[in-house]
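Chains, contacts and geometry: an overview
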Amino acid sequence: MRRRRGVLPPKAELALEYIFVVIGSAFVSLAFSVFLLPNKIASGGVSGISTILKWVAGWDPSYVQWALNIPLFFAGIIFLGKQFGAKTLIGTLVLPFFVFLFTGWGAATNDPLLGALFGGLGVGAGLGIVFRGKASTGGVDLLAQIIHKYFGISLGTCILFIDGTIVLTSALVFGLEKALYALIAMFLTAKTIDVVQMGLGVSKVALIISDQEEEMRQGILTDLYRGVTKINALGGYTQDERPMLMCVVAQYEVTKLKQYVKGVDPSAFVILLNANEVLGEGFKRA
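Residues numbered from 1 in each chain as written. Predicted model: local features only at pLDDT ≥ 70, side-chain atom pairs only at ≥ 80, totals over all residues. Heavy atoms only, no water.

The name an unreviewed UniProt entry gives the protein is DUF2179 domain-containing protein, with Fictibacillus enclensis as the organism. On record in UniProt, under Subcellular location (unreviewed entry), the comment for the protein is "Cell membrane". (UniProt positions renumbered as here; feature names shortened; annotations may be inferred.)

Written as structure tokens, this is what we have:
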């Protein structure tokens, strides 16, 4: 059986995933060590706890992260089952190791706003790479999953509560301003993870309802060179069947599509939606 073009053999794909975990952990550790930690920005998670303990008790952040991550990993195995695998264990161990290596590098900036901005971007980029390796770095996410399983509290609420408690503690220790910088870093981390996971390109999904459905379909196929799908729809008022066309176009093709639709049927009903990631023929391969 021939292997599909662009698809790696299973062993090569697995090796690549391990590489992603290591590289992503290095990014997270570097951003934490040179941007967040020196500026006392505790942006949630185990790293946030280690930041607070560093400045309150003088404890080495890498040791704190090992001391918390490893028990949480094994607690996850005990309470949630053996679903995390070796890659998550690698992330759990390697991330604090890189923190240990980078701790002596000093601050890249002493401006807390720049620290929050670039720290959040760096941590988000690193975590996004780790997630692309189909793993995680463990930490409080595992604790949140345990609480979710045994107490029925939603996962999002658990994570929000844990991270919120850490940020609130940082406000009491470092002051309200540093806690606000931590919130900026957390927001940028979440957004950057999305970018790494889905990419920067935004395509458009067009939903078209027209009385000239057949001419519209043929034109999209032959003039725009885009695939089109016919969906059987039902008018909410008339209860009549109204075929709806769906096609996906690149951002730069939107104007051309609208001009074409207007030329064929000026009264056509068109809805344009954002599609953050499109996989398949004519777009990015899976």
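1. Digging into the side chain of serine 50
Note that serine 50 resides in helix 2 (residues 45-57). Residue classification places serine 50 among the buried residues on the basis of a relative accessible area of 0%. Polar side-chain contacts of serine 50 include one of 3.2 Å to the side chain of glutamine 65. With sequence-adjacent residues up to four places away left out, serine 50 is seen in contact with Phe32, Pro61, Val64 and Gln65. (Helix = DSSP H or I, 4+ residues; strand = E, 2+ residues; numbered from the N terminus. Buried < 20%, exposed > 50% of the residue type's maximum accessible area, 1.4 Å probe, protein only. Polar contact = N/O pair within 3.5 Å; in protein donor to acceptor, adjacent residues only side chain to side chain. Contact = heavy atoms within 4.5 Å.)

2. Re the packing of aromatic side chains
One pass over the structure, following the stated rule, counts eight aromatic pairs. Ring geometry for phenylalanine 102 and tryptophan 105: centres 4.8 Å apart, planes at 75°, overall edge-to-face. Assessed through its relative accessible area of 11%, phenylalanine 102 is described here as buried. In this structure an aromatic cluster arises from ring pairing among Phe97, Phe98, Phe102 and Trp105. If you follow lysine 40 out to its NZ or CZ, it ends over the ring of tryptophan 55, 4.8 Å from the centre. (Phe/Tyr/Trp six-rings, centres within 6.5 Å; stacked < 30°, edge-to-face > 60°. Lys NZ or Arg CZ within 6 Å of the ring centre and 35° of its normal.)

3. As for the pairing of strand 1 (residues 203-209)
Among the seven residues in strand 1, six count as buried, and that is most of the element. Pairing analysis gives six bridges linking strand 1 to strand 3 (residues 241-249), with the strands arranged antiparallel. In the strand pairing of strand 3, alanine 206 is matched with cysteine 247. (Pairing = 2+ DSSP bridges.)

4. Topic: the UniProt feature "transmembrane region" (unreviewed entry) in the protein
Listed under "transmembrane region" (unreviewed entry) in the UniProt record, and renumbered for this structure, are residues 12-37, 63-81, 88-107, 113-131 and 151-174. For residues 88-107, the end-to-end C-alpha separation is 29 Å, with 75% helix and 0% strand making up the annotated structure. End-to-end, the C-alpha atoms of residues 113-131 are 27 Å apart, and along that stretch the chain is 100% helix and 0% strand.

5. Quick word on the pattern of salt bridges
In this structure the tally under the stated criterion is five salt bridges. For aspartate 211, the salt bridge goes to arginine 242, with nearest N and O atoms at 3.4 Å. With a gap of 31 residues between them, aspartate 211 in the loop between strand 1 and helix 9 (213-222) and arginine 242 in strand 3 connect regions that are remote in the sequence. Take arginine 242: its relative accessible area is 31%, and that puts it in the partly exposed class. The closest approach of N and O atoms between arginine 226 and glutamate 253, which form a salt bridge, is 3.0 Å. Taken together, the positions of arginine 226 in the loop between helix 9 and strand 2 (229-234) and glutamate 253 in the loop between strand 3 and helix 10 (254-264) put the pair 27 residues apart, joining distant regions of the chain. Both residues of the pair, arginine 226 and glutamate 253, belong to the buried class. (Salt bridge = Lys/Arg side-chain N within 4 Å of Asp/Glu carboxyl O.)

6. Section: the side chain of threonine 189
In this structure, threonine 189 sits in helix 8 (residues 176-198). Within the structure, threonine 189 has its side chain in polar contact with the backbone oxygen of glycine 120 (distance 3.1 Å). Contacts of threonine 189, omitting those with residues within four sequence positions, involve Gly120, Val123, Gly124 and Leu127.

7. Re the packing of helix 2 against helix 3 (residues 61-80)
Look at helix 2 against helix 3: their axes get within 9 Å of each other, and the N-to-C directions meet at 140°. Judged on the interaxial angle alone, helix 3 and helix 2 are oblique. For helix 2 against helix 3, the interelement crossing comes out right-handed. Together, Val46, Ser47, Ile49, Ser50, Leu53 and Lys54 of helix 2 and Pro61, Val64, Gln65, Leu68, Asn69 and Leu72 of helix 3 make up the contact between the two elements. Counted by class, the contact of helix 2 with helix 3 contains seven nonpolar, four polar and one charged residues. (Axes fitted to C-alpha atoms, helices over the stretch in contact; angles between N-to-C directions. Parallel < 35°, antiparallel > 145°, perpendicular 65-115°, else oblique. Left-handed = near helix turned anticlockwise from the far one by under 90°. Nonpolar A, V, L, I, M, F, W, Y, C, P; charged D, E, K, R; others polar.)

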